[in-house]
Amino acid sequence: MKILVTGGAGYIGSHTCIELLKENYDVVVLDNFSNSCEESLNRVQKITGKNLFFYKLDLLEGPSLHQVFEDHKIDAVIHFAGLKAVGESTTIPLKYYQNNLTGTLNLLSVMEKFNVKNLVFSSSATVYGDPATLPIKEEFPLSVTNPYGRTKLMIEEILKDLYQSDKEWNIALLRYFNPVGAHESGEIGEDPQGLPNNLMPYISQVAVGLLPRLSVFGGDYDTPDGTGVRDYIHVTDLALGHVQTLPKLVSNPGVVIYNLGTGNGFSVLEMIKGVEKASGKQISYEITDRRPGDIAACFADASKAKKELGWEATKSLEDMCNDTWNWQKKNPMGYRNHPKKD
Ligand code: NAD
Ligand code: UFG
């Protein structure tokens, strides 16, 4: 089977390419490198000893997309490409709507034209807003508070409409909780541009000495230690969730929705302790004001994915912290100190 991976050079996409290649899928990657670089794909090929096809292409350039589908007989698409910074989406919402919505619409039009109707879409736990109870189940009410989250929810709705209009589509909406960690080789990992928005890359950059101290956003939440609680999931577990979704699509399920999380919540202070243990470094931090829009706690009920896909996260908090540190220590500047191949 040949899989098109949009955004395949990015954090989750590159880890998913590894797991796809390991399972002998043929992989075609499309990415515009707006938040990634080609070096990640070089390393994917080095780690697996296998080649993938690659197109430097923007989903907004609709016509060029045709070429990919003309060159390859694609069986299914895993659609990661999108902008993902919550804070940034509130300052440049039009760019987020343009990139995420128009990019997805262009992709869907070309898929339809070439009769490729199997799609896995990267959604997010952000579509649950501030849940009334925990753990979060797939049928919980949906609401969003920022333009990034709204693009995810709107795309989910668009995909459901598409299926209603044509029952030949098979679409998996995968709602990720908080992806962290890196490939066990330490060769690929999360490489944020500029100051990290997310907790784990921030902590690991403090550990490696790139940043002086972490701000812990809020110490007075109604959680066991007062700091925010999230369902952190190892990126390799998440990648495997995509691989295990593909056979489900082939069984013509229509639209299916799965939470991909571990079902466990850890606090900010627990994550700091985890990285301290993995790195042997003390993480300097201070408790500051809450970050606007944050919720106290969020973790998944991931039993539906286990029951229907046979998928379950297996990596521990220790694995997540060890692998984050291994990547950070081997690549303190991310991919940047490696010359780009032309
Ligand atoms: P990432 O930024 O590392 O990867 C996204 C990739 O898409 C990048 O390589 C970027 O260059 C590419 N891209 C963006 N716009 C494009 C366009 N118009 N055309 C072609 N390529 C384009 O992000 P990630 O963490 O790997 O996330 C992947 C997906 O998962 C995103 O859709 C994101 O919203 C979603 N998601 C991520 C998280 C998270 O915390 N990382 C949580 C929930 C959902
Ligand atoms: N946090 C800090 N300091 C920081 C960064 C984060 O204390 O410098 C705290 C946050 O307040 C929160 C926790 O660490 O309690 C996790 O924050 P992240 O920014 O890492 O992740 P979020 O849960 O806010 O959001 C992430 C992605 C969203 C996605 C969501 C659910 O950024 O895109 O997970 O999947 F929607």
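Data block above holds the structure.
Note that the structure is predicted; figures quoted are calculated from it, not measured.

In this section: the overall build of the protein. Helix and strand content of the protein: eleven helices and 14 strands. Relative to the compact-globule value of 20 Å for 342 residues, the protein shows a C-alpha radius of gyration of 19 Å, a close match. Residues counted as buried form 56% of the 342 residues belonging to the protein. Partitioning the intrachain contacts of the protein with sequence separation of at least 6 by distance along the chain shows that 80% fall at a separation of at least 24. Each charge class in the protein can be summarised by its mean position, and for the 34 positive and 42 negative side chains these summaries are 2 Å apart.

This next bit is on the pattern of salt bridges. If you walk through the whole model with that rule in mind, you get 16 salt bridges. Across the pair glutamate 318 and lysine 277 runs a salt bridge, and its minimum N-O distance is 3.4 Å. Taken together, the residues glutamate 318 in helix α11 (residues 317-330) and lysine 277 in helix α9 (residues 268-279) connect sequence positions 41 residues apart. Accessibility expressed as a relative area gives 46% for glutamate 318, which makes it partly exposed. Take lysine 277: its relative accessible area is 63%, and that puts it in the exposed class. One continuous salt-bridge network, built from bridges that share partners, spans Lys46, Glu187 and Lys330.

Residues in contact with ligand 1 amount to 27 residues; listed here are only the nearest, Asp31, Asn35, Ser36, Lys84 and Tyr148. Within the contact set of ligand 1, an oxygen atom lies 2.7 Å away from a side-chain nitrogen or oxygen of serine 36. A distance of 2.7 Å separates an oxygen atom of ligand 1 from a polar side-chain atom of tyrosine 148. Burial of ligand 1 by the protein amounts to 95% of the accessible area it has alone, namely 820 Å².

Moving on to the packing of helix α5 (residues 93-113) against helix α6 (residues 147-165). Taken N-terminus to C-terminus, the directions of α5 and α6 make an angle of 20°; their axes are 9 Å apart at the nearest point. In terms of axis orientation, α5 runs roughly parallel to α6. Our pair here, α5 against α6, has a crossing hand that is right-handed. Contacts from Pro93, Tyr96, Tyr97, Asn100, Leu101, Thr104, Leu105, Leu108 and Glu112 in α5 reach Pro147, Tyr148, Arg150, Thr151, Met154, Ile155, Ile158, Leu159 and Leu162 in α6.

What follows is about the packing of helix α3 (residues 62-71) against α5. In a pair of packed helices, the angle between the axes and the distance between the axes together describe the arrangement. Across the interface, α3 lies against α5 with an axial gap of 10 Å and an inter-helix angle of 40°. Taken together, the axes of α3 and α5 are oblique relative to one another. Between α3 and α5 the crossing geometry is right-handed. Where α3 approaches α5, its residues Gly62, Leu65, His66 and Phe69 are matched on the opposing element by Asn106, Leu107, Val110, Met111 and Lys113. In terms of residue class, the contact of α3 with α5 is made up of five nonpolar, three polar and one charged.

Looking now at the nonpolar core. With 41 residues, the main nonpolar core has Ile3, Val5, Leu20, Val27 and Leu52 as its most contacted residues. Among the elements that line this core, the one with the most residues is helix α1 (residues 11-22), at six residues. With sequence-adjacent residues up to four places away left out, isoleucine 3 is seen in contact with Leu20, Tyr25, Asp26, Val27, Val28, Ala76, Ile78 and Leu246. Counting residues in each nonpolar core, the second largest holds 27 residues, with Val116, Leu159, Tyr163 and Trp169 among its members.

This part covers the environment of glycine 87. Within the secondary structure, glycine 87 is located in helix α4 (residues 86-91). Residue glycine 87 is classed as partly exposed on the basis of its relative accessible area, which comes to 47%. Between the C-alpha atoms of glycine 87 and glutamine 45, which are 42 residues apart in sequence, the distance is 33 Å.

Rules behind the numbers
Residues numbered from 1 in each chain as written. Chains lettered and ligands numbered in written order. Predicted model: local features only at pLDDT ≥ 70, side-chain atom pairs only at ≥ 80, totals over all residues. Heavy atoms only, no water. Helix = DSSP H or I, 4+ residues; strand = E, 2+ residues; numbered from the N terminus. Rg over C-alpha atoms; globule rule 2.2 N^0.38 Å. Buried < 20%, exposed > 50% of the residue type's maximum accessible area, 1.4 Å probe, protein only. Contact = heavy atoms within 4.5 Å. Lys, Arg positive; Asp, Glu negative; His and termini not counted. Charge placed at Lys NZ, Arg CZ, Asp CG, Glu CD. Salt bridge = Lys/Arg side-chain N within 4 Å of Asp/Glu carboxyl O. Near = heavy atom within 4 Å. Polar contact = N/O pair within 3.5 Å; in protein donor to acceptor, adjacent residues only side chain to side chain. Areas by Shrake-Rupley, 256 points an atom, 1.4 Å probe, with all protein chains shown as cover. Axes fitted to C-alpha atoms, helices over the stretch in contact; angles between N-to-C directions. Parallel < 35°, antiparallel > 145°, perpendicular 65-115°, else oblique. Left-handed = near helix turned anticlockwise from the far one by under 90°. Nonpolar A, V, L, I, M, F, W, Y, C, P; charged D, E, K, R; others polar. Core = buried A, V, L, I, M, F, W, Y, C linked by side-chain atoms within 4.5 Å.

These values are about where atoms sit, not about what they do.
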